[in-house]
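Here is what each chain is made of, one letter per residue.
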Amino acid sequence: MPLIDLQGATAGYGAGTRIRIMAGHLRSLVRRLTPARFLNVMKAEGNRVLGRTRINSMPFFLKIESSGLCNLGCRWCTGSRTERARGERQRTRMSLERFQEIIDETGKYLFRVNLYGFGEPLLFPETLDMIRYCSHRNISVVVSSNMNIRQDDLAEGILGSGLEQLIFSCHGTSGKTVKEFMGPEAEPDLAFENVRRVVLEKRRQRSRYPIVSWQFCITGFNQHEMEEARKIAAGLGVNEIRFIKPWFPPDAGREWHSSLFPERSVMKGERRSRGCAWPWRGAYISCDSGVLPCCREELFVRNDYGNLSETGFREIWNGTSFVKSRKLIGNPGGYIPETPVICRNCPELGFPPAVPEWEKE
């Protein structure tokens, strides 16, 4: 059976979407650039090009999961799983104090924090405090939210936090398709109204930010709603709508696979030309303070490269697992089974995706 051609967790549909996603990163970099951050980026890119495994730079972006708890049940999302396998990460909330510790240690070098993971970040008030903590330190923050939140002052809170970009995730325009993807609790009308209020509050305050981006994951059962989504997006006044190729496991039903994204086989030993830059540029920090090179294999605690409740970030960043990952990415053919790291399971390096651990139990 062919495997889905994974391009990270998501990939844009068309060059325009990919360019807009890249433009967001560049916008954050330009807005938040300082001499220390510029020097750090140059060091990081130099380390990556030269293939150094123990590096003299810090990450210039982080993805931090403020909450692993969610109010919806999107299909195939690990955060919405109700049954936990042995060793699976517990879904919890990161404390404001822990978040502040992370920013205090790394903030000098960061130009961007993606403050979301497998939960809904805007469910809890401390997320807005986290955004403000970054904003006061000239760090861009991006949040991805389903916006299914009943809170009268939500728009005012978002504007007051200094958020740079709000990614609004809604995968359909009708209740039927949205619920099929995001679960029976999803309320698209509520989400659209919350987005509308954010846009109106931006206009009232004459603010350019946050940039509001509607992210629409395309499936076989919702792709017919793409044109309607464009019309709704124009009516809401969002800055952009992104049509995205989502991740599904190979055994997902045919209805999940859009004809817009052909399937391709990932052959063992076939390395993607672009490789991966994550272990030189950034890291993923889970809601329980586990540190990983990215979010692809975050489900199990045993995959962590370290935990910030036990070790400082700098030590983990140049620790054994990160060094092994950088070595593997630089030379996929030189992988040593006795020194496993989760990057070994990544199709970006030409390896076939591993069977999810919960299917092995």
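Source: prediction; values computed, not measured.

What to know about the pattern of salt bridges
Part 1 of the argument: Throughout the structure, instances matching the rule amount to 18 salt bridges.
Part 2 of the argument: Here Glu164 ties to Arg32 by a salt bridge, and the two come within 3.2 Å at their closest N and O atoms. Of this pair, Glu164 sits in the loop between α5 (154–161) and β5 (165–169) while Arg32 is found in helix α1 (residues 15–32), placing the two residues 132 residues apart along the sequence. Across the pair, Arg32 and Glu164 agree in class, each one buried.
Part 3 of the argument: For the salt bridge of Arg91 with Glu65, the shortest nitrogen-to-oxygen distance reads 3.4 Å. Highlighted residues: Arg91 in the loop between β2 (61–64) and α3 (96–106) and Glu65 in the loop between β2 and α3, separated in sequence by 26 residues.
Part 4 of the argument: Residue Arg91 is classed as buried on the basis of its relative accessible area, which comes to 12%.
Part 5 of the argument: Residues joined in a network through salt bridges with shared partners are Glu65, Arg89, Arg91, Asp288, Glu298 and Asp304.

Looking at helix α8 (residues 226–236)
Part 1 of the argument: Inspection of α8 places Met226, Ala229, Ile232, Ala233 and Leu236 among the buried residues, and these make up the whole buried set. All buried residues of α8 lie within an arc of 110 degrees about the axis, which places them on one face of the element. Of the exposed residues in α8, the ones pointing more than 90 degrees away from its buried face are Lys231, Ala234 and Gly235.

A few points about the packing of aromatic side chains
By convention here, two paired aromatic rings are described through the distance between centres and the angle between planes.
Part 1 of the argument: Summed over all chains, the structure comprises 13 aromatic pairs.
Part 2 of the argument: Measuring from centroid to centroid gives 5.5 Å for Phe192 and Trp214, while their planes differ by 65 degrees, and the two rings are edge-to-face. Highlighted residues: Phe192 in helix α7 (residues 188–205) and Trp214 in strand β6 (residues 211–217), separated in sequence by 22 residues. We note that Phe192, like Trp214, is buried.
Part 3 of the argument: Between the aromatic rings of Phe221 and Trp256, the centroid separation amounts to 4.9 Å while the plane-to-plane angle is 85 degrees, which identifies the pairing as edge-to-face. Linking Phe221 in the loop between β6 and α8 with Trp256 in the loop between β7 (240–245) and α9 (278–281), this pair joins segments that are 35 residues apart in sequence. Of the two residues, Phe221 and Trp256, neither departs from the other in class, the shared state being buried.
Part 4 of the argument: Put simply, the rings of Phe168, Phe192, Trp214, Phe216 and Phe243 touch in pairs and so form one group of aromatic residues.

Concerning the confidence of the model for the protein
Part 1 of the argument: Averaged over all residues, the pLDDT of the protein is 86; the fraction at 70 or higher stands at 83%.
Part 2 of the argument: Here residues 1–9 is a poorly scored stretch, pLDDT under 50, and it has 33 contacts once near neighbours within four places are set aside; other chains count.
Part 3 of the argument: Scored below 50 in pLDDT, residues 355–361 shows 12 contacts in the model against residues more than four places distant or in partner chains.

Reading the values: rules and limits
- Residues numbered from 1 in each chain as written.
- Predicted model: local features only at pLDDT ≥ 70, side-chain atom pairs only at ≥ 80, totals over all residues.
- Heavy atoms only, no water.
- Salt bridge = Lys/Arg side-chain N within 4 Å of Asp/Glu carboxyl O.
- Helix = DSSP H or I, 4+ residues; strand = E, 2+ residues; numbered from the N terminus.
- Buried < 20%, exposed > 50% of the residue type's maximum accessible area, 1.4 Å probe, protein only.
- Arc of directions from axis to C-beta.
- Phe/Tyr/Trp six-rings, centres within 6.5 Å; stacked < 30°, edge-to-face > 60°.
- pLDDT = per-residue confidence, 0-100.
- Contact = heavy atoms within 4.5 Å.

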